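Reading the structure
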Amino acid sequence: MRILTLDTVPLRAWPYLNAAPRGGTETQLLPLLRGTVDALPEGLEALLVTSDLQGVAPHARKNGAVALLGEVLADALALLCEEGSLPPSAHIGVVLAGDLYSAASANVRGASGDVRSVWRAFGEHFRWVVGVAGNHDTFGGPREQARFQQQPGLHLLDGETADLEGLRVGGVGCIMGRGDKPGRREEPEHLRLLGDTLSQAPDMLVLHQGPDIPGTRLRGSTAIRLALPEREGPLVVCGHAHWETPLASLPGGAQVLNVDSRAVLLQRAS
């Protein structure tokens, strides 16, 4: 899969509350960008790709009470589908690249917590949901996570691939770091999982922590970049470190789409 075009002007944008760098909260906008790809499976009209939705916003279905930004986004996108502004939701797959939690008051940077409600919100409206956990995501206790992973249409990956109607999606969650800290694993183990996933020849690779792009200010992991195939590799989707430019290429031409704090709708080119 290869991205052919990606708009720079958002199709829509939604305000939300986010933790400010020096304390308190601030209002930000979550943009929805539209792009095109060269191929999608038959019956799938688009992919909705997003990550790092670490904020809250008023939720119409909760009488205006705040909810996690991902829950609000899922409903807002479904409404656009009903209005005809986007393809039918039953023909859109969702890709989540992690970090979907926020403290209820949106005033704690790096808060960690349960994100199953976000996954279920997207699963309620859309064809299927696939993705990985970020370093701030939890899915309940071990038994709860096991039950969650058995739910039809929800595919939480970590060193595996899922074949979704002919689209093979691989995923590795968390970030590299001290293995005794939540959401982190030691670099050798992380790279082993990445290698195992790549050996299954995915069309799309979903990571929370992505590669860096040499010669630019686009931050990421050099070790992950060196582990990726430079040519003829999968489309890499990531988050964790925000890029001002969402789409970049590795030296050999393989594409990397960073969806930190943004949503991207990818449709088949006509």
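The following paragraphs examine the structure supplied in this document. (Residues numbered from 1 in each chain as written. Predicted model: local features only at pLDDT ≥ 70, side-chain atom pairs only at ≥ 80, totals over all residues. Heavy atoms only, no water.)

**As for the packing of aromatic side chains**
- Following the criterion strictly, the structure yields four aromatic pairs and no others.
- Between the aromatic rings of Phe-122 and Phe-126, the centroid separation amounts to 6.1 Å while the plane-to-plane angle is 40 degrees, which identifies the pairing as tilted. In this pair, the class of Phe-122 matches that of Phe-126, namely buried.
- Taking 5.3 Å as the distance between ring centres and 45 degrees as the angle between the ring planes, the aromatic pair formed by Phe-139 and Phe-148 counts as tilted. Across the pair, Phe-148 and Phe-139 agree in class, each one buried. (Phe/Tyr/Trp six-rings, centres within 6.5 Å; stacked < 30°, edge-to-face > 60°. Buried < 20%, exposed > 50% of the residue type's maximum accessible area, 1.4 Å probe, protein only.)

**Considering the pairing of strand E17 (residues 235-239)**
- Where burial is concerned, most of E17 is hidden: five out of the five residues are buried.
- Judged by which residues are buried, E17 turns out to be covered on both faces: Leu-235, Val-237 and Gly-239 on one side and Val-236 and Cys-238 on the other are all buried.
- By the bridge criterion, four bridges tie strand E16 (residues 204-209) to E17 in an arrangement that is parallel. Following the sheet pairing, Gln-209 is matched in E17 by Gly-239.
- Tracing the backbone out of E16, into helix H5 (residues 222-227) and back to the parallel element E17 gives a crossover that is right-handed.
- Sheet topology note: the E17/strand E19 (residues 255-258) ladder contains three bridges and is parallel. (Helix = DSSP H or I, 4+ residues; strand = E, 2+ residues; numbered from the N terminus. Pairing = 2+ DSSP bridges. Right-handed = clockwise from strand over helix to strand, strands pointing away.)

**Points about the sheet that holds strand E12 (residues 160-164)**
- Strand order in the open sheet formed by six strands is E12-E13-E16-E17-E19-E18, and the pairing between neighbours is mixed. Whereas interior strands pair on both sides, the edge strands pair on one side only; in this sheet they are E12 and strand E18 (247-249). Between one strand axis and the next, the sheet turns by 25 degrees as a mean value, whatever way the strands run.
- Bridge analysis of E12 against strand E13 (residues 167-172) gives five bridges, and the strand direction is antiparallel. By the bridge assignment, Thr-161 is partnered in E13 with Gly-170.
- The sheet contacts of helix H4 (residues 187-198) involve E12, E13 and E16, and relative to E13 the element is tilted by about 175 degrees. (Axes fitted to C-alpha atoms, helices over the stretch in contact; angles between N-to-C directions. Contact = heavy atoms within 4.5 Å.)

**A closer look at helix H1 (residues 69-83)**
- End to end, H1 covers 21 Å across 15 residues, agreeing with the expected 21 Å (1.5 Å per residue, within 8%).
- Taken across its 15 residues, H1 has 12 buried, putting it largely inside the fold.
- Among all positions of H1, only Leu-69, Gly-70, Glu-71, Val-72, Leu-73, Ala-74, Asp-75, Ala-76, Leu-77, Ala-78, Leu-80 and Cys-81 are buried.
- Looking at the residues trailing H1, positive phi occurs at Gly-84, about 90 degrees. (Expected span 1.5 Å × (residues − 1).)

**With respect to the state of the cysteines**
- Taken as a whole, this structure holds zero disulfides when the rule is applied.
- The thiol of Cys-174 is unpaired, and the distance to the nearest cysteine sulfur, on Cys-238, comes to 15 Å.
- With a relative accessible area of 16%, Cys-174 lands in the buried category. (Disulfide = S-S within 2.5 Å.)

**What to know about the side chain of Asp-75**
- Here Asp-75 lies in helix H1.
- You can call Asp-75 buried: its relative accessible area is 16%.
- One polar contact links Asp-75 to His-59, side chain to side chain, over a distance of 3.4 Å.
- Those residues in contact with Asp-75, other than ones at most four positions away along the chain, are His-59, Arg-61 and His-125. (Polar contact = N/O pair within 3.5 Å; in protein donor to acceptor, adjacent residues only side chain to side chain.)

**Examining the pairing of E19**
- Because side chains alternate across E19, one face comprises the buried residues Gln-255 and Leu-257, and the other comprises Val-256 and Asn-258, equally buried.
- Here E18 runs beside E19; their pairing, made up of three bridges, is antiparallel. For Ser-249, the partnering residue across the bridge sits in E19 and is Gln-255.
- With antiparallel pairing between neighbouring strands as the criterion, E18 and E19 make up a hairpin whose turn holds five residues, including Gly-253 at a positive phi of roughly 110 degrees.

Limitation: the analysis is restricted to geometry and does not speak to function.
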